[in-house]
Amino acid sequence: MRGVSAALFMASLMLVGCATPSRTPPPRSDEQTHAAEWQGRISVQVQGDAPSSMSASFLLRGDAKNGQLNLYSSLGTTLGALQWTPQWVQLSDGGKHQYFNSLAELTEKATGAALPIDALFGWLQGNDAQATGWQADLSAVPQGALTARRTSPAPEVTLRIKLDP
């Protein structure tokens, strides 16, 4: 089941869907107009009893409090979309919507390990944000690459991001 859920999220988080290929972002609210934006490839590998691995292209906007993440297959097909505010987290996949209490809850369900969302946004900006059990290698952030590993608690998780130039 974790493999199926992992395919749904990707990201950190692969999604399964049949949407038409499109990289046109949805309209942004005034609050998101000046939000940070990243685009590239992301992969998450989870070790343990039921190892899983997923990767996708992504477009990420916002911050840990408010944002959206669109995921794409290697052929450009939209796999799914996440949107979040302090009140809710929504996963949209092929016209279906699922709601979660937090991004950590969603990533835990999808990958088997909660990803450190607050720290991730810091790492993307080159800040050495701390997350319990995680170590981030920020040495290649100026070149658009980030690797982070969680060694405890088990299972071990590796997160890799390669940003488009």
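Residues numbered from 1 in each chain as written. Predicted model: local features only at pLDDT ≥ 70, side-chain atom pairs only at ≥ 80, totals over all residues. Heavy atoms only, no water.

## Let's talk about the sheet that holds strand β1 (residues 37-46)
In space, the nine strands of this open sheet follow the order β6-β5-β4-β3-β2-β1-β9-β8-β7, with antiparallel pairing throughout. Pairing within the sheet leaves two strands with one partner each, and these edge strands are β6 (96-100) and β7 (134-137). The sheet shows a mean angle of 20° between the axes of neighbouring strands, taken without regard to direction. The pairing of strand β3 (residues 67-72) with strand β4 (residues 78-84) spans six bridges and is classified as antiparallel. Each residue of the ladder has a partner; that of Tyr-72, found in β4, is Thr-78. Running at roughly 115° to β6, helix α2 (residues 103-111) makes contact with β1, β2 (52-62), β4, β5 (89-93) and β6 of the sheet. (Pairing = 2+ DSSP bridges. Helix = DSSP H or I, 4+ residues; strand = E, 2+ residues; numbered from the N terminus. Axes fitted to C-alpha atoms, helices over the stretch in contact; angles between N-to-C directions. Contact = heavy atoms within 4.5 Å.)

## Here's the deal with the environment of Ser-139
Along the chain, Ser-139 turns up in the loop between β7 and β8 (145-150). Considering only alpha carbons, one finds Ser-139 and Gly-126, 13 residues apart in sequence, at a separation of 8.7 Å. Polar contacts involving the side chain of Ser-139 include one to the side chain of Asp-137, which spans 2.6 Å. (Polar contact = N/O pair within 3.5 Å; in protein donor to acceptor, adjacent residues only side chain to side chain.)

## Thoughts on unusual backbone geometry
Glycine aside, residues mostly have negative phi, and peptide bonds are mostly found in the trans state. Omega for the bond connecting Ser-152 with Pro-153 falls within 30 degrees of zero, at 0°, which places this linkage in the cis form. Looking at where Pro-153 falls in the secondary structure, it is placed in the loop between β8 and β9 (157-163). A cis amide bond links Ala-154 to the next residue, Pro-155, at an omega of 5°. You can see Pro-155 is positioned in the loop between β8 and β9.

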